[in-house]
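Below, each chain spelled out in residue letters.
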Amino acid sequence: MKATILKKSGLVLLSAATLFAHNAYSATDIEAGKQLFEKSCADCHSITSNDNITLAQRLKEKAPTLYYAGNKFNREWLQSWLAAPTRLRPGGHFFMDNVKVTEDGDIIDESKLGKHMAVSAKQAQQLTGYLMAQTPKSALIQQESITLGKTNRTLGEKDFHKFKGCGSCHQDEDGYGGVSGPELYTSVKRLQPEFIASYTKMPEKWDPKTLMPNRHLNDNSVKKLLNYLNVISQ
Amino acid sequence: MKLLQIIPLLCLLAGTNQALAADSKKGEVFYQAYCTQCHGVNGDGWGVNAAMMDVLPKDHTETKEMITRTDEDIFKAIKEGGKAVSKSNLMPNWDANMTDEEIHDLVAYVRTICCEKGE
């Protein structure tokens, strides 16, 4: 009898350990990821608190902060993106660095847009382990409770462009929408839904010098938006 | 005696006015960060996002039109968004991104683009 109980508990522990290992990274990997980050990423990405940054400093940043990467990204997406990166911001990190003034209006000078470095699959795993351990804003994430659902695509599109004005800066399909912000038709694949909700409601709590306005949306409004982002990310 | 009391008061008021004076140089950085994406690097309304927008952003270089707007109107449009001044909802409220003082600096910069040309 005792042996059976012990055997059963052992199985439970083993299953839990297997489950944990699936989503976890070894301490060795995380340390290797840290070293790799400092060597290859820290020139462009900050990983320290941005609470006291000035706007002038913010505009000189070469790439988004990774200070709260573990609160922001979906780990599976991050790991695969690091091995095969694609451009997510049509205008670059700060559009002004890449603007060309023409007679037909300002345009993004594509020749100024650099390519993000790619790393090996193993290095992507190590970097992801390190980045996903950066979670200084978990309290903001815990305030959100999100269940992604469906919405009518046409109504969602109208809401996105006309009522909320997101389309002025963000694309909701490839090539359609503003170019100064990151594309949003891949947002649900890339980002944790709680992060999207929290950042949309209070962008300045994440990045005090964010270039995103706080449009004072209520929970229901944010839910509608997230459902639209979910639909267009499929 | 009364005159002696008034002189320091006038000095204090002058100092306060100076402190409250908006700084268009500081405002320029805010314009670059928040406005040029739609209103354009030169403020002509043709920013990088303008081509895809349903309502064209305001041309801040159009002196004739802009001179009819008071500083308070421009301040309100920036702080509370276009809807607050019966204009497009696509102009967002920037109240969480700038303090009132910083918005005053931005208004001062907008004035340099629209209404101080050739001065």
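Residue positions are given per chain, counted from 1 along the sequence in the order it is written. Written order decides the labels, with chains lettered from A and ligands numbered from 1. Given that this is a predicted model, residues contribute local features only at a pLDDT of at least 70 and side-chain atom pairs are listed and counted only at 80 or more, while totals for whole chains, interfaces and linings are drawn from all residues. Side-chain calculation: all heavy atoms of the structure are included, whereas hydrogens and water are not.

The name given to chain B in an unreviewed UniProt entry is Cytochrome c, with the source organism recorded as Thalassomonas actiniarum.

As recorded by an unreviewed UniProt entry, chain A carries the name C-type cytochrome and is attributed to Thalassomonas actiniarum.

### Observations concerning the confidence of the model for chain B
Residues and elements named next belong to chain B. Counted only if it meets this: Every residue gets a pLDDT, meaning the predictor's confidence in that residue, from 0 to 100. Starting at the N terminus, helices and strands are each numbered in turn, a helix being any DSSP run of H or I of at least four residues and a strand any DSSP run of E of at least two. We call two residues in contact when some of their heavy atoms are within 4.5 Å.
Mean pLDDT over chain B: 86, with 81% of residues reaching 70 or higher. Across chain B, the element-wise mean pLDDT spans from 43 in helix 1 (residues 2-20) up to 98 in helix 4 (residues 71-80). Taken together, the stretch residues 6-19 has pLDDT below 50 and engages in zero contacts with residues farther than four places along the chain or on a different chain. Predicted complex, confidence summary: ipTM 0.87, pTM 0.87.

### Section: unusual backbone geometry
Note the threshold: Throughout this description, buried means an accessible area under 20% of the type-specific maximum (1.4 Å probe, protein chains only), exposed means over 50%, and partly exposed covers the range between.
Unusually for a residue other than glycine, H216 of chain A sits at a positive phi of about 55 degrees. Position of H216 of chain A relative to the elements: it lies in the loop between helix 11 (203-206) and helix 12 (219-232). Taking the relative accessible area as the measure of exposure, H216 of chain A reaches 51% and is therefore exposed. One non-glycine residue, S86 of chain B, lies in positive phi territory at about 60 degrees.

### Details of empty space enclosed by the protein
Residue and element names in this part refer to chain A. Applied cut-off: With a 1 Å grid spanning the protein atoms alone, the term cavity applies to any set of points in which a 1.4 Å probe fits but cannot get out, the term pocket to an open set with protein on both sides within 12 Å along at least five of seven lines, and the term lining residue to any residue with an atom within 4 Å of a point. Grid points are joined across faces, edges and corners, and a volume is the space filled by probe spheres set on the points. Residues are sorted three ways: Asp, Glu, Lys and Arg are charged, Ala, Val, Leu, Ile, Met, Phe, Trp, Tyr, Cys and Pro are nonpolar, and all the rest, Gly among them, are polar.
Taken as a whole and assessed by the stated rule, the structure comprises one cavity of 30 Å³ or more. Estimates place the volume of the largest cavity at around 30 Å³. Around the largest cavity sit C41, L82, H116, M117, V119 and L127, which together line it. Split by residue class, the lining of the largest cavity holds five nonpolar, one polar and no charged.

### A word on the state of the cysteines
The test is simple: Cysteine sulfur atoms are paired as a disulfide whenever they come within 2.5 Å of each other.
Under the definition given, this model contains one disulfide over all chains. The thiol of C169 of chain A is not disulfide-bonded; the next cysteine sulfur, from C38 of chain B, is found 5.0 Å away.

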